[in-house]
Amino acid sequence: KKNATAENVVIADAMQVAGTKISNVKIMKGEKDITEKAEISVKDGSYSINTNENLAKDETFTITYDALFESDSLDGKKVKNIADAKADNADEIMK
């Protein structure tokens, strides 16, 4: 819907290789750090964030995290990961 606001946005991200550890997940809404307000669950190479926030047109979330690749075979290689976002009033989006 044009100019709609996504309500209660949830973001999930998963690395597509085994042996990945994610830590230090942080989330910003625009310039505001909402990490403490968000519910963040981390397991091995994936995380899920219930932002407890709505997202209006032209607003953004920025997520940062550390990823440790435990296998030397990944040195210098590109690693694919897939992030999904959904809201209570919207279909799931994969990016």
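Residues numbered from 1 in each chain as written. Predicted model: local features only at pLDDT ≥ 70, side-chain atom pairs only at ≥ 80, totals over all residues. Heavy atoms only, no water.

### Some thoughts on the pattern of salt bridges
Thinking step 1. Within the structure shown, the criterion is met by five salt bridges.
Thinking step 2. We note a salt bridge from Glu-53 to Lys-29, for which the minimum N-O separation is 3.0 Å. Taken together, the residues span a long stretch of sequence, with Glu-53 in the loop between strand S5 (46-50) and strand S6 (61-69) and Lys-29 in strand S2 (residues 20-29) at a distance of 24 residues.
Thinking step 3. According to the relative accessible area criterion, Lys-29 is buried, its value standing at 17%. (Salt bridge = Lys/Arg side-chain N within 4 Å of Asp/Glu carboxyl O. Helix = DSSP H or I, 4+ residues; strand = E, 2+ residues; numbered from the N terminus. Buried < 20%, exposed > 50% of the residue type's maximum accessible area, 1.4 Å probe, protein only.)

### Details of the nonpolar core
Thinking step 1. Grouped together as the largest cluster of nonpolar side chains are 13 residues, with contacts concentrated most on Val-9, Ile-27, Ile-49 and Phe-61.
Thinking step 2. Every element with two or more residues in this core is listed here: strand S1 (10-15), S2 and S5.
Thinking step 3. Per-element accounting of this core gives the leading share, three residues, to S2.
Thinking step 4. With sequence-adjacent residues up to four places away left out, Ile-49 is seen in contact with Val-9, Val-10, Ile-11, Val-25, Ile-27, Ala-38, Glu-39, Ile-40 and Ile-63. (Core = buried A, V, L, I, M, F, W, Y, C linked by side-chain atoms within 4.5 Å. Contact = heavy atoms within 4.5 Å.)

### Some thoughts on the sheet that holds strand S3 (residues 32-33)
Thinking step 1. Pairing in this open sheet of three strands is antiparallel, and the strands run S3-S2-S6 from one edge to the other. This sheet does not close on itself; its edge strands, each paired only once, are S3 and S6.
Thinking step 2. Judged from the eight bridges that link them, S2 and S6 form a sheet pairing that is antiparallel. Each residue of the ladder has a partner; that of Ser-23, found in S6, is Asp-66. (Pairing = 2+ DSSP bridges.)

### A few points about the pairing of strand S4 (residues 39-43)
Thinking step 1. With five bridges joining them, S4 and S5 adopt antiparallel strand pairing. Within the sheet, the bridge partner assigned to Glu-39 lies in S5 and is Asn-50.
Thinking step 2. Remark: two residues form the turn of the hairpin made by S4 and S5, two consecutive strands paired antiparallel; Asp-44 in that turn has positive phi of roughly 50°.

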